[in-house]
Amino acid sequence: MPRTAGSDGARTHEAIRQAAIALIAERGFEAMTLRELAGRVGLQPGSLYRYFPSKNRMLVELMLEHLQFLLDEWQRVQPETADPRERLCAFVDFHIRSHTLRRQEVFVANMELRSLAPADRRRVVALRRRYEDVLAGILGAGVESGAFHLPDPRIASFAVLAMLTGVGTWFNDAGRIGKRDLIDQYTQLVLQCVGSAPVNACAPAPSQRRSP
């Protein structure tokens, strides 16, 4: 008989979350079964309902958790300055670091919107819009101050996010370029995209950087 993965409810909940994300990323939400998930965690299939009332509800919570993590972490690490250039540089750093650390969560959040019921999809999309608003707000402030030159900050935010998020699909931590160099190069690219002259001094000194 399978054994419960620890008696602590919070630890078991986290084990289920991690196993579910891995299985969905590997096989897709529709192909994953609760029996398979329970077996990977070491639970009886019926025990999953103590933590998630349904398979669909579990997917919603996984996606909301990821988006809330991004919002909370940005609030924690964002620079105190109001300067749009510095805030944009910090956002590029944050987005790349968080999306290369949580690749499977990113994949599930982006690819499994198709599996949500309409009401659940609206909840997830609303939270994702809040994260998009962070970048759109930075770009809008830059346009107002004259630091950036863009016809539409909202459209520009979609383009920048697509470029930054794509890093998680190909970047290899053991590859020829390190993450710090990667972030520096993408920062220069983003500054060019928003109509701001690239500067080497954009990134904060190592002692001032905070990572998610």
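Everything discussed here concerns the structure shown above.
Quick summary incoming for the structure in this document. Counting restarts for each chain, with residues numbered from 1 along the sequence as it is written. Only residues with pLDDT of at least 70 are given local features in this predicted model, and only at 80 or more are side-chain atom pairs given and counted; all residues enter the totals for whole chains, interfaces and linings. Note: side-chain values were computed over all heavy atoms of the structure, leaving out hydrogens and water.

## Considering the side chain of His-99
Put simply, the rule reads: Runs of E in the DSSP output that reach at least two residues are strands. Runs of H or I that reach at least four are helices, and both are numbered from the N terminus. It only takes one pair of heavy atoms within 4.5 Å for two residues to be counted as in contact.
Take His-99: it is sitting in helix α4 (residues 84-101). Excluding residues within four positions of it along the chain, His-99 makes contact with Leu-70, Val-106, Tyr-131, Thr-165 and Gly-168.

## Section: the packing of aromatic side chains
So the rule is basically this: By convention, a stacked pair of Phe, Tyr or Trp rings (six-membered ring in the case of Trp) has centres within 6.5 Å and planes under 30 degrees apart, an edge-to-face pair has planes over 60 apart, and any other such pair is tilted. Accessible area is worked out with a 1.4 Å probe on protein chains only. A residue is then buried under 20% of its type maximum, exposed over 50%, and partly exposed in between.
Counted by the stated rule, this structure contains four aromatic pairs. With 5.6 Å between their ring centres and 55° between their planes, Trp-74 and Phe-94 make a pair best called tilted. Placement of Trp-74 in helix α3 (residues 55-77) and of Phe-94 in helix α4 is noted, with a sequence separation of 20 residues between them. Phe-94 sits in the buried class, given a relative accessible area of 1%.

## Considering helix α7 (residues 153-165)
Which entries qualify depends on this criterion: By definition here, a helix of n residues has an expected span of 1.5 Å times n minus one. Taking the helix axis as origin, the arc is that swept by the directions to the C-beta atoms. Any pair of N or O atoms that falls within 3.5 Å is considered a polar contact. Within protein, one atom must be able to donate a hydrogen and the other to accept it, and sequence-neighbouring residues count only if both atoms are side-chain atoms.
Counted at 1.5 Å a residue, the expected span for α7 with its 13 residues is 18 Å, and the 18 Å between its end C-alpha atoms agrees. Three or more residues of α7 are buried, namely Ala-156, Ser-157, Val-160, Leu-161, Leu-164 and Thr-165. Viewed along the axis of α7, the buried residues span an arc of 155°, placing them on a single side of the element. Facing away from the buried side of α7 by over 90 degrees, the exposed positions are Ile-155 and Ala-162. Buried residues in α7 make contact with α4, α5 (103-111), α6 (118-145), α8 (167-170) and α9 (179-193). In this structure Asp-152 caps α7, since a side-chain oxygen of it lies 3.0 Å from the backbone nitrogen of Arg-154.

## Focus: α5
Within α5, burial applies to Glu-105, Val-106, Val-108 and Ala-109. End-on, the buried residues of α5 take up no more than an arc of 165°, which puts them together on one face.

## Observations regarding the pattern of salt bridges
Spelled out, the test is: By convention in these notes, a salt bridge is any Lys or Arg side-chain nitrogen within 4 Å of a carboxyl oxygen on Asp or Glu.
Following the criterion strictly, the structure yields 17 salt bridges and no others. Residues Glu-61 and Arg-57 are paired through a salt bridge, measuring 3.1 Å at the closest nitrogen-oxygen approach. Here the residue Glu-61 and the residue Arg-57 both occupy positions in helix α3, the gap between them amounting to four residues, near one helical turn. In this structure Glu-61 comes out as partly exposed when scored by relative accessible area, which is 26%. Note on Arg-57: relative accessible area 31%, which makes it partly exposed.

## Points about the packing of α4 against α9
Selection criterion: Lines fitted to C-alpha atoms define the axes here, with helix axes fitted over just the stretch in contact, and angles between the N-to-C directions of these axes take values from 0 to 180 degrees. Note on terminology: angles under 35 degrees are roughly parallel, angles over 145 are roughly antiparallel, angles of 65 to 115 are roughly perpendicular, and the others are oblique. Definitions for this section: a left-handed crossing has its near helix turned counterclockwise from the far helix by less than a right angle. A right-handed crossing has that turn clockwise. All residues other than Ala, Val, Leu, Ile, Met, Phe, Trp, Tyr, Cys, Pro, Asp, Glu, Lys and Arg, Gly among them, are scored as polar; the first ten of these are nonpolar and the last four charged.
Where α4 meets α9, the closest approach of the two axes is 10 Å, and the angle between their N-to-C directions is 135°. Compared by their axis directions, α4 and α9 come out oblique. Between α4 and α9 the crossing geometry is right-handed. Across from Arg-85, Leu-88, Cys-89, Val-92, Asp-93, Ile-96, Arg-97, Thr-100 and Leu-101 in α4, the residues of α9 making contact are Lys-179, Arg-180, Leu-182, Ile-183, Tyr-186, Thr-187, Val-190 and Leu-191. Tallied by class, residues from the contact of α4 with α9 come to ten nonpolar, two polar and five charged.

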